[in-house]
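Structural description and commentary
Spelled out, the chains give:
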Amino acid sequence: MTQRARHKKHEEHEEHQEQQEQQEQQEIDTLLKSSVEVPDRHAVPGRSEFLEFLGLTLAAGACALVVLHPEAAETLVHTLASGTARLVH
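Here the structure is a predicted model, which is why all the values come from computation and not from measurement.

Regarding its fold elements, the chain presents 3 helices and 0 strands. The N-to-C order of helical and strand elements in the chain reads α-α-α. Counting over 89 residues, the chain shows a buried share of 1%. On the chain, roughly 8500 Å² of surface is accessible, and the fraction owed to carbon and sulfur atoms is 60%.

Next comes the structure, spelled out in structure tokens:
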């Protein structure tokens, strides 16, 4: 293989890598955008606020449960650990 052929092959490889990096960056940018900003993605207005409310309600309920029934935290940890162990084995 001549030096010119090697150089051309190296340039083609670099161009291919740059194209892959640009495509990956576009995919990352798309993932980081909200649903409203991405074309052809249908977003439900106000959905994020509703999901945030549900999450906060769940967290507050869990905190109240731990305060009122401390043994519930131990039971939850045991249940999660045994479920995970079943998945691993």
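There is more to say, and it comes next.
This part covers a negative patch on the surface. Residues Glu11, Glu12, Glu14, Glu15, Glu18, Glu21, Glu24 and Glu27 make up a contiguous surface patch of negative charge. One can find Glu11 in helix H1 (residues 3-32).

A surface patch of nonpolar side chains, about 410 Å² in accessible area, is lined by Phe50, Leu51, Phe53 and Leu54. The topology assignment puts Phe50 in helix H2 (residues 47-68).

It is worth spelling out the packing of H2 against helix H3 (residues 70-88) at this point. Contact pair H2 / H3: the axes reach a minimum separation of 4 Å and the direction vectors enclose 115°. Each of Leu65, Val66, Val67 and Leu68 in H2 lies in contact with H3, whose residues at this interface are Pro70, Ala72 and Ala73.

Here the focus is the confidence of the model for the chain. Taken as a whole, the chain shows an average pLDDT of 82; of its residues, 82% reach a score of 70 or greater. Mean pLDDT across the elements of the chain ranges from a minimum in H1, with 82, to a maximum in H2, with 89.

What counts and what doesn't
Residues numbered from 1 in each chain as written. Predicted model: local features only at pLDDT ≥ 70, side-chain atom pairs only at ≥ 80, totals over all residues. Heavy atoms only, no water. Helix = DSSP H or I, 4+ residues; strand = E, 2+ residues; numbered from the N terminus. Buried < 20%, exposed > 50% of the residue type's maximum accessible area, 1.4 Å probe, protein only. Areas by Shrake-Rupley, 256 points an atom, 1.4 Å probe, with all protein chains shown as cover. Patch = residues over 30% accessible without salt bridge, like charges linked within 9 Å, V, L, I, M, F, W, Y side chains within 5 Å. Salt bridge = Lys/Arg side-chain N within 4 Å of Asp/Glu carboxyl O. Lys, Arg positive; Asp, Glu negative; His and termini not counted. Charge placed at Lys NZ, Arg CZ, Asp CG, Glu CD. Axes fitted to C-alpha atoms, helices over the stretch in contact; angles between N-to-C directions. Contact = heavy atoms within 4.5 Å. pLDDT = per-residue confidence, 0-100.

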